[in-house]
There are 2 protein chains.
Amino acid sequence: MPQLRIALAQVDPTVGDFSGNAAIVREHTRRAADTGAQLVAFPEMMLTGYPVEDLVFRESFVAASRTALHRLAADLAADGLGDVAVVVGYLDADGPAKLGADADPGRGPRNALALLHGGQVVTTYFKHHLPNYGVFDEDRYFIPGDTLKIVRIAGVDVALTVCEDIWQPGGPFAVAGQAGVGLVVNINSSPYELNKDDVRLPLVRRRAAEADSVVAYVNVIGGQDELVFDGDSMVVAADGTLLARAPQFAEHLLVLDLDLPAATSDAVGDFGEMAVERLELAGDLRAPSGALLPPTVTERLTDEAEVWQALVLGLRDYVRKNRFPSVVLGLSGGIDSSVVAAIACDAIGADNVAGVSLPSTYSSEHSRDDAADLAKRTGLDYRVVPIQPMVDAFKANMSLSGVAVENLQARVRGVILMALSNQEGHLVLTTGNKSELAVGYSTLYGDSVGGFNPIKDVWKTMVWRLAQWRNAEAARRGETPPIPENSITKPPSAELRPGQLDTDSLPDYAVLDAILAGYIDGDLGRDGLVRAGHDPALVDRVLRMVDLAEYKRRQSAPGPKISIKAFGRDRRLPITNRFREGAS
Amino acid sequence: MPQLRIALAQVDPTVGDFSGNAAIVREHTRRAADTGAQLVAFPEMMLTGYPVEDLVFRESFVAASRTALHRLAADLAADGLGDVAVVVGYLDADGPAKLGADADPGRGPRNALALLHGGQVVTTYFKHHLPNYGVFDEDRYFIPGDTLKIVRIAGVDVALTVCEDIWQPGGPFAVAGQAGVGLVVNINSSPYELNKDDVRLPLVRRRAAEADSVVAYVNVIGGQDELVFDGDSMVVAADGTLLARAPQFAEHLLVLDLDLPAATSDAVGDFGEMAVERLELAGDLRAPSGALLPPTVTERLTDEAEVWQALVLGLRDYVRKNRFPSVVLGLSGGIDSSVVAAIACDAIGADNVAGVSLPSTYSSEHSRDDAADLAKRTGLDYRVVPIQPMVDAFKANMSLSGVAVENLQARVRGVILMALSNQEGHLVLTTGNKSELAVGYSTLYGDSVGGFNPIKDVWKTMVWRLAQWRNAEAARRGETPPIPENSITKPPSAELRPGQLDTDSLPDYAVLDAILAGYIDGDLGRDGLVRAGHDPALVDRVLRMVDLAEYKRRQSAPGPKISIKAFGRDRRLPITNRFREGAS
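Bear in mind the structure is a predicted one, so any value in this text is a computation, not a measurement.

A. Geometry of the packing of helix α6 (residues 303-321) of chain A against helix α7 (residues 335-348) of chain A. Residue and element names in this part refer to chain A. At their nearest, the axes of α6 and α7 sit 8 Å apart, and the two run at 65 degrees to each other. The crossing of α6 and α7 is right-handed. Contacts from Trp308, Leu311, Val312, Leu315, Arg316 and Val319 in α6 reach Val339, Ala342, Ile343, Ala344, Asp346, Ala347 and Ile348 in α7. Tallied by class, residues from the contact of α6 with α7 come to eleven nonpolar, no polar and two charged.

Shown next as structure tokens:
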């Protein structure tokens, strides 16, 4: 039985950074070769980053991707790595981008994979299944491929596939099975969702069974605007055995030896409706050298740890990839801003985090104390800017009352944070949670001000769980828990008028979040929520709040997606919409 | 030769307002019947409004659409209109919404058309061609139909089609031609773009030739978030003769008598890959009564008139459909806010428009005078709120300099406008033009504050053309030109520091707009722009400004789309993107 030493490179490319992404491939191919790996696989759209959206329509962008691919092949050979087989995702095109009726249905941009070896692009494969739901719009951008590529490497037939190809039964994996391959490589840019790791392993197992073959699944990590990629790369045997699994949210090179069946079939042509092309890798293939440690199967994280790492990585990459030197946020002493501050300190270090207490006359003493306590616990750069003089200036020159005065305070805080951003170069972090965003419990251009919101997709009840988890984690490690206990236990308040509590305007968050999760994540309508046991009048009130808050959500800062239905790319609703759930 | 009296109802539905939209159908069917019309056609997705986006995924929404359709059929009969054949667009579904791998490929939501008669839904047709480019995402939402429906009405074979079906050759129109129909009805929700009327008539002519039949094309009017629909309904003979054409941007009932060939064929089954079903309208058809005036062919508007009407209708419908009582905007005396004020007065009446002069110490005397002059000319509600006391309060309590102080002024203005909105209930209008938005020449949460921006998609050079056109139009009508001549002729300035001019930061707008239009509308890259004769260094500078302003554009208010590439639904780019045009 032939043996093949493969490496899966779980790395973090940046959209549009062709030279940086190519450098990542060269560095990790070098590291893989140093372990004696013969075949190294990098993620989907490695050279461009993912998703590139309408950049697909720019000829110069497509040209840059193709140029980067051929340069990479040559550079790898110049690096002395020409004898390694390298699988890498990129953007290709065999015709102009499709634009409706004018499109050539058979030609256009392609979500492509290339096999590099000996300084050459040995073969390319175009993704068959283009996802066009949730955060994906690939029908808008790409033409699907229709041919499966099978490459004989060291006597083993290896089928090459891209991402969604693995989510669909009866596609390239089924044909790979009919064609009798020994290994299917599947390269991915598959975004994180809470518990998606529970979905992926059974999926890869089903496809390994369908292909009757080992499956090597490599996924990207990192943050890209609202998406976070969690890695979770793995290798699964034909019988479903999990042979190796990479950690989540971290760069990793997963290297292992595979005993694979020798290639026996030379059947080509059409398998059902799909064409199959075979080729044999010419030239020298690096010989495996030295012994490997047994392959690792990394344990999955708990829910809280997983979400925390997603938020940290999402923020870290947004800051780094957009070249911000530091962040600033308002610290109210409440749970949301405390959790965001702790995430920011974990992501980029407390030295790069400025926290500003912005007390008004309605701010309680404990709010100021809790903010100062948080600053002391984390070591972030702490300032205090009382807002009353500015608020008073507006009140003295305008006739304002009620909610206009409440919102004024939040907006003065927004102006101060933006002024600090302009003056000192910080990215402003927004700290509104998903429950607030859902019902519009925030001030437009006030507390919603900012460039990135780490907890945009986190329900309030999960914000509390995260705080408790992060503090316990610190205690476990013998470190100071970052979040003041009082910020976790006190009742939430916007403190925009005397004695105000969130529960004046909203139901208890445990009740609210259950309704919101049903309506938004579960697409339950009013009747479904009532059938699930919720109070009908409360359901009506909450649903109306959600429906009317669409404009605020449109104006909100991006943040890491951790749920199946994040506000943003995922969920697209008209602002102008008279439909009301439950109305007859 | 049989004669059929048809009516095309060019009307303005509201997304999600099932009862209101059904009431529009009943009212216009009554009016059409009063002229003796036998067949009345309403636009695509008439009962739901268009586009409904992710509302498609809500079962209660689909159920409401189907219920509204059947109720409408019964109500029309109860109105004594059961003998009129009514064609109407709605949302149907024969299975749950498709969600990737789990979808049943043959079942799901449908962009549907129904023929109502005698209190019944006589037949339904599902749109074949689903646009998935530009502002359209129909592959995400709908399953395509595969059957053509031909209904014999008063001895004439009438084929029923929806919108994109007319943009594609070789589809339902070709099969209608093979099946020998006498009339093709095509119902639309086709958004406005400058000069789209020049595209539509040749398109309808090509399809009339392909079907060898009269084509009745009915389109919707109105504003829906960023989209404006212009109507432009028309009837074209098989030989390309334009028989009738409705005005743009106005409700209209286009009624005419058509001499049509008697039906002769009964061929059914498959024409190529498409199934054809035939049926005959049973029961009484209303007889045409009385003589009609000759059909009208309304002249198209000039470019400036067309854009002006698009902006007015887009704003009017946003205000009306979202139930705002009034609007407020800042008046700087400059061209942008003056044009927006004039649009607002045309849209909802000067009584409902509040204009606020927000002078700083850097505001020139002429700026205040020009703002006051505009208020006097238009009759809008005028106030003055000097910003210096509030600006000084921030400066006294923070250490700010340079651009932080410049932006502070714009943000204080934003806070004042939002406070007036909270206090008095106005919708805040944003007044930044497309050129500014493209290069990021604006203050985030400052002059970009607001709920709707009438000139979001208008290049600065077009803003000037619109001002001149609107003033000339007033003069032609013997009215006071709304826009002060000085606002049109003075050099543009943000007035955020002494003596500041836009040309300190930007090239002359004629040069800038030419580069921007090439880059954005034309998808020309850096090299293409240089080949077109632009200065390479300037091109590099402008393209870099555009690429870096993506976040500001994401945060901008919606506004009516008038170009092929409006910022918003149309053009989807990552914020985090390291690709630079021209970089090697």
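B. Structural context of the pattern of salt bridges. All names here are of chain A. Across all of its chains, the model carries 96 salt bridges over all chains by this definition. Salt-bridge contacts for Lys127 lead to Glu44; the nearest nitrogen and oxygen are separated by 2.7 Å. Here Lys127, found in the loop between β5 (120-126) and α3 (138-141), pairs with Glu44, found in the loop between β2 (39-41) and α2 (59-78); they are 83 residues apart in sequence, far enough to count as distant. Exposure class is identical for Lys127 and Glu44. Each is buried. In this structure, Arg526 engages Asp540 in a salt bridge whose closest nitrogen and oxygen atoms are separated by 2.8 Å. Residue Arg526 is located in helix α16 (residues 526-531), and its partner Asp540 is located in helix α17 (residues 536-548); the two are separated by 14 residues in the primary sequence.

C. Inspection of the environment of Leu116 of chain B at higher detail. All names here are of chain B. Tracing the chain through its elements places Leu116 in strand β4 (residues 109-117). In sequence terms Leu116 and Pro43 are 73 residues apart; their C-alpha atoms lie 14 Å from each other. Filtering out sequence-adjacent residues up to four positions away, Leu116 remains in contact with Leu69, Leu72, Ala73, Leu76, Val84, Ala85, Val86, Val88, Val121 and Val122.

D. How the structure looks around the domain arrangement of chain A. Residues and elements named next belong to chain A. According to the domain assignment, chain A contains domain 1 (3-99 + 107-280) and domain 2 (303-554). For domain 1 and domain 2, the distance between their C-alpha centres works out to 39 Å. Tallying the contact residues gives 17 residues for domain 1 and 14 residues for domain 2. Counting the surface lost from both domain 1 and domain 2, the interface buries some 1200 Å², and carbon and sulfur atoms represent 51% of this. There are three salt bridges connecting domain 1 and domain 2.

E. A look at empty space enclosed by the protein. The final tally for this structure, using the stated rule, is 18 cavities of 30 Å³ or more. In this model, the largest cavity occupies a volume close to 960 Å³. In terms of lining residues, the largest cavity is bounded by 39 residues, among which Arg554, Gly568 and Arg569 of chain A together with Arg554 and Gly568 of chain B are the most central. Each pocket or cavity is described by its volume, and for the second largest cavity that value is around 120 Å³.

F. Here's a closer look at the interface of chain B and chain A. Contact residues are listed per partner, giving 85 residues for chain B and 85 residues for chain A. Taken over both partners, the interface formed by chain B and chain A buries close to 7300 Å², and the fraction arising from carbon and sulfur atoms is 54%. Area buried by chain B at its contact with chain A is led by Arg58, Thr576 and Arg578 of chain B, which between them contribute 11% of it. For the interface between chain B and chain A, the tally reads six salt bridges. Viewed at the interface, chain A and chain B are joined by 36 residue pairs in polar contact (both at pLDDT 80 or more). Of all the secondary structure elements, the ones that give two or more residues to the side of chain B that touches chain A are α2 (59-78), α3 (138-141), α6 (303-321), α9 (388-397), α10 (403-424) and α18 (550-554) of chain B. For the side of chain B that touches chain A, the leading source of residues is α10 of chain B, giving 13 residues. Grouping the constituent residues of the side of chain B that touches chain A by class yields 42 nonpolar, 22 polar and 21 charged.

G. Here's a closer look at helix α15 (residues 509-521) of chain B. All names here are of chain B. Looking only at α15, the buried set comprises Tyr509, Leu512, Asp513, Ile515, Leu516, Gly518, Tyr519 and Ile520. Residues of α15 that are buried in the fold lie against α11 (434-439), α12 (460-476), α14 (502-505), α16 (526-531) and α17 (536-548). Capping the start of α15 is the job of one residue whose side-chain oxygen sits 3.1 Å from the backbone nitrogen of Ala510: Asp508.

H. How the structure looks around the relation of the copies chain B and chain A. Its rotation angle being 180 degrees, the transformation that places chain B on chain A also includes 0.0 Å of axial translation and leaves an RMSD of 0.0 Å. Given the turn and translation reported, the copies of this chain are related as if by a two-fold rotation axis. Every residue of chain B has its C-alpha some distance from the rotation axis, and the shortest such distance is that of Gln555 of chain B, at 2.6 Å.

I. Structural view of the sheet that holds strand β3 (residues 85-93) of chain A. Residues and elements named next belong to chain A. Taking strand neighbours across the sheet as the criterion, the six strands line up as β5-β4-β3-β2-β1-β14 in an open arrangement whose pairing is mixed. One side of each edge strand has no neighbouring strand; the edge strands of this open sheet are β5 and β14 (252-259). Averaged over neighbouring strand pairs, the angle between their axes works out to 30 degrees when direction is ignored. Pairing of strand β1 (residues 3-10) with β14, which is carried by eight bridges, proceeds in the antiparallel orientation. Across the sheet, the residue bridging to Leu4 is Leu258, located in β14. The sheet strands contacting α2 are β3, β4 (109-117) and β5, and the helix crosses β3 at an angle near 160 degrees.

Cut-offs used in this document
- Residues numbered from 1 in each chain as written.
- Chains lettered and ligands numbered in written order.
- Predicted model: local features only at pLDDT ≥ 70, side-chain atom pairs only at ≥ 80, totals over all residues.
- Heavy atoms only, no water.
- Axes fitted to C-alpha atoms, helices over the stretch in contact; angles between N-to-C directions.
- Helix = DSSP H or I, 4+ residues; strand = E, 2+ residues; numbered from the N terminus.
- Left-handed = near helix turned anticlockwise from the far one by under 90°.
- Contact = heavy atoms within 4.5 Å.
- Nonpolar A, V, L, I, M, F, W, Y, C, P; charged D, E, K, R; others polar.
- Salt bridge = Lys/Arg side-chain N within 4 Å of Asp/Glu carboxyl O.
- Buried < 20%, exposed > 50% of the residue type's maximum accessible area, 1.4 Å probe, protein only.
- Domains from an automatic or database assignment.
- Buried area = accessible area lost by both parts, 1.4 Å probe.
- 1 Å grid on protein atoms, 1.4 Å probe; cavity = no way out; pocket = protein on both sides within 12 Å on 5 of 7 lines; lining within 4 Å.
- Points joined across faces, edges and corners; volume = space filled by probe spheres on them.
- Polar contact = N/O pair within 3.5 Å; in protein donor to acceptor, adjacent residues only side chain to side chain.
- Least-squares fit on C-alpha atoms with pLDDT ≥ 70 in both.
- Pairing = 2+ DSSP bridges.

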